[in-house]
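# An overview of the molecular structure
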Amino acid sequence: MYLVTPLIVLRLALRGFRSRPYYWRWAERFGFFKAPPELRGSLWVHAVSVGEVNAAEPLIKALRRDYPDAPLVVTTVTPTGTARVQQLFGDSVFHIYLPYDLPYAVSRFLTGVRPRLALIVETEIWPNLYFACRRRGIPLMIVNARLSERSLRGYRPRPLRGMVRAALGCVDLIAAQSRCDAARYRLIGAPAERVLVCGNLKYDMPVPQQAQATGARLREHWGARRPVWIAASTHEGEEQAVLEAHLAVLKRLPDALLLIAPRHPERFRPVEHAVRSQGFATGTYSADGMPAVPDQVFVIDAMGQLMPFYAAAGLAFVGGSLVPIGGHNVLEPAALGTPVLVGPHTFNFEEITASLVEHGGASRVPDSGSLGGAVLQLLRDDARRRAMGLAAQQVFERERGAVGRVMRLIDAQLQE
C-alpha cells in the first residue's frame, strides 16, 4: 500500500482537475483530523459514495432512533458521497473521509473515532483496516453486502486470495443482499457461518412525501399529457445514445421532453454543452429550476434532485447500463411507480433488476440503438406504462424489511 500511495495521490490530483472538491480535505485521507472528544464509543458507518449513502440512509436513521445517545460517524470516499451525507444528515452525524488503507493512517483514524461497532456498506474490503479493527477488538460487520460476478473475479487472483481471506476472517458478520451475494462472499473466503442473507436495504429507503407533490406540480407546469422521459445517472458514452434516442422520439412526438441527469457533477457542463451543440432547446436546473414549455431537453445539473423528476416523468431510463458500469439504483423510480428501462449491463443491481423485469416493472433494451424505439413505444402506450408502474411499486413494497433484520443483528452484536 505504501508503494502504490504516490499513484493514488496522482489519481486524486487528476480527478481534482475535473471536480474541484477532490482537492479538499486531503489530510483526512491520511488519518489527520480533529476528533471531538465525545466520539468515544461511536457507531461508525462507512459508505463509499452516493449510492451507498442512499442505501445506508434507512439504517443510519434506525441507528439514530434506537441508539440516540451514541455518536454516529459516517465516512465516505468521494466528494459526491460527502455532499449526500451533508444533505441527508447535516450536523447530526460526524463526517470524515475514510483514510487510505495505510497502517498508520488507519491507526490515527481509529484512535480518533474510537468506534464500538464498524458497519461497512456493500463492498469495501480493506485488509489493513480490517486487521486493525480485529487487533483493537472493534466488532466489524459488512451490511447490505453485495459482490458481483465482476468483483468476484477481481478478488480471486492467487496473489490476492490469501489476503482477502485473512481480511474477511476479521469480519464478525456479513449481512448479504441475496443468496448469490452470500455464495460469492463464501467463495472468496468469508467463513460460511458468519454470512447471512438479510435482503437489500435500498428497498427500505424512505420515499419523500414531497416528491410526489413536486412531481405533480411539474406535470401541471409542462402539461399533464406531454410525453416526458428521464435518463438518470448517465455516464460518458451514454449521453450521446440518449440524445439520439430523443431525436427519434421527437420525430414522432414533437412535444416530447427529455430530462437528463448525469451521474457525476463533473459531467454537468459537458452534457449541457453537448445538448446545446446539437440544437436542442435546452434548460438547466441550476439556471431555470424547472423546464420551460419550449424546452426539448432539460439538464438536471444538481445532486439529490432526482426523486421529484422521477415522480413527474412517464418513464425512467436508469444509466450505467448501456456501458459496462453495472447500472444504478432502479428502486428509486420503482418506489414512485415509474416504469423503468435499463440496458444490458446491470451486474451491480443484478437481482433487483431481474426481479423488476420478471414481474413486469422494468424492461431491458439490448443496446443503445434500441433505446429510442423502446422509449417511443412506452410513451405512446399509457395502459402499459400504468401496468409497469404498478408492478414496479409492488415489487418495491414486497421486498421491504431488510433494515429490521440488520438492526436485530446489530443489537445482538452490541449486547455481546
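Residues numbered from 1 in each chain as written. Predicted model: local features only at pLDDT ≥ 70, side-chain atom pairs only at ≥ 80, totals over all residues. Heavy atoms only, no water.

### Comments concerning unusual backbone geometry
- Positive phi is not limited to glycine here, since Arg 114 has a value of about 50°.
- Secondary-structure assignment places Arg 114 in the loop between α4 (103-113) and β4 (115-121).
- The exposure class of Arg 114 is partly exposed, given its relative accessible area of 24%.
- Positive phi, close to 55°, is recorded for Asn 144, a residue that is not glycine.
- When you line up the elements, Asn 144 lands in strand β5 (residues 140-145). (Helix = DSSP H or I, 4+ residues; strand = E, 2+ residues; numbered from the N terminus. Buried < 20%, exposed > 50% of the residue type's maximum accessible area, 1.4 Å probe, protein only.)

### A few points about the pairing of β4
- Of all 7 residues in β4, 6 are buried, a share of seventy percent or more.
- Judged from the 5 bridges that link them, strand β1 (residues 42-46) and β4 form a sheet pairing that is parallel. Each bridged residue has a counterpart across the sheet, and for Trp 44 the counterpart in β4 is Ala 118.
- With 4 bridges connecting them, β4 and β5 associate as parallel partners. Residue pairing in the sheet places Leu 119 in a bridge with Met 141 of β5. (Pairing = 2+ DSSP bridges.)

### What to know about the sheet that holds strand β6 (residues 173-176)
- Reading across from one edge, β3-β2-β1-β4-β5-β6-β7 is the order of the 7 strands in this open sheet, with parallel pairing throughout. The open sheet is flanked by β3 (94-97) and β7 (195-197), the only strands paired with a single partner. Neighbour-to-neighbour, the strand axes of this sheet turn through a mean angle of 20°, independent of strand direction.
- Set on the sheet, helix α8 (residues 179-187) makes contact with β5, β6 and β7; between it and β7 the angle comes to about 170°. (Axes fitted to C-alpha atoms, helices over the stretch in contact; angles between N-to-C directions. Contact = heavy atoms within 4.5 Å.)

### Focus on the packing of aromatic side chains
- Across all of its chains, the model carries 7 aromatic pairs by this definition.
- With centroids separated by 6.3 Å and ring planes inclined at 45°, the aromatic side chains of Tyr 203 and Phe 396 adopt a geometry described as tilted. Of this pair, Tyr 203 sits in the loop between β7 and α9 (209-222) while Phe 396 sits in helix α17 (residues 382-398); the two residues are 193 residues apart in sequence, bridging distant segments of the chain. No difference in accessibility class separates Tyr 203 from Phe 396, as the two residues are buried.
- Considering the side-chain rings of Tyr 285 and Phe 309, the 6.1 Å spacing of their centres and the 80° angle between planes classify their relative orientation as edge-to-face. With Tyr 285 in helix α12 (residues 285-288) and Phe 309 in helix α13 (residues 306-312), this residue pair connects regions lying 24 residues apart in the sequence.
- One aromatic cluster is present, built from ring pairs that chain together Phe 33, Trp 44, Phe 94 and Phe 109. (Phe/Tyr/Trp six-rings, centres within 6.5 Å; stacked < 30°, edge-to-face > 60°.)

### Looking at the UniProt feature "active site" (unreviewed entry) in the chain
- On the UniProt side, "active site" (unreviewed entry) is annotated at positions that read Glu 52 here.
- Its location among the elements puts Glu 52 in helix α2 (residues 50-66).
- The exposure class of Glu 52 is buried, given its relative accessible area of 13%.
- Residues contacting Glu 52, with those up to four places away along its chain left out, are Ala 47, Val 121, Glu 122 and Arg 146. (UniProt positions renumbered as here; feature names shortened; annotations may be inferred.)

### Concerning helix α1 (residues 5-18)
- Helix length check: α1, at 14 residues, gives a terminal C-alpha distance of 21 Å against a target of 20 Å (1.5 Å per residue), a fit within 8%.
- Looking only at α1, the buried set comprises Thr 5, Leu 12 and Gly 16. End-on, the buried residues of α1 take up no more than an arc of 45°, which puts them together on one face. Pointing more than 90 degrees away from the buried face of α1 are the exposed residues Pro 6, Leu 7, Arg 11, Phe 17 and Arg 18. (Expected span 1.5 Å × (residues − 1). Arc of directions from axis to C-beta.)

### As for empty space enclosed by the protein
- Across all of its chains, the model carries 1 cavity of 30 Å³ or more by this definition.
- Here the largest cavity is characterised by a volume of approximately 40 Å³.
- Forming the boundary of the largest cavity are Arg 15, Ser 19, Tyr 22, Pro 79, Thr 80, His 264 and Glu 266.
- Here the lining of the largest cavity is composed, by residue class, of 2 nonpolar, 3 polar and 2 charged. (1 Å grid on protein atoms, 1.4 Å probe; cavity = no way out; pocket = protein on both sides within 12 Å on 5 of 7 lines; lining within 4 Å. Points joined across faces, edges and corners; volume = space filled by probe spheres on them. Nonpolar A, V, L, I, M, F, W, Y, C, P; charged D, E, K, R; others polar.)

### Comments concerning the pairing of β3
- Summarising the sheet, strand β2 (residues 72-76) and β3 pair through 4 bridges and their orientation is parallel. Paired with Thr 75 across the bridge in β3 is Ile 96.
- Handedness of the β2-helix α3 (residues 79-89)-β3 crossover: right-handed. (Right-handed = clockwise from strand over helix to strand, strands pointing away.)

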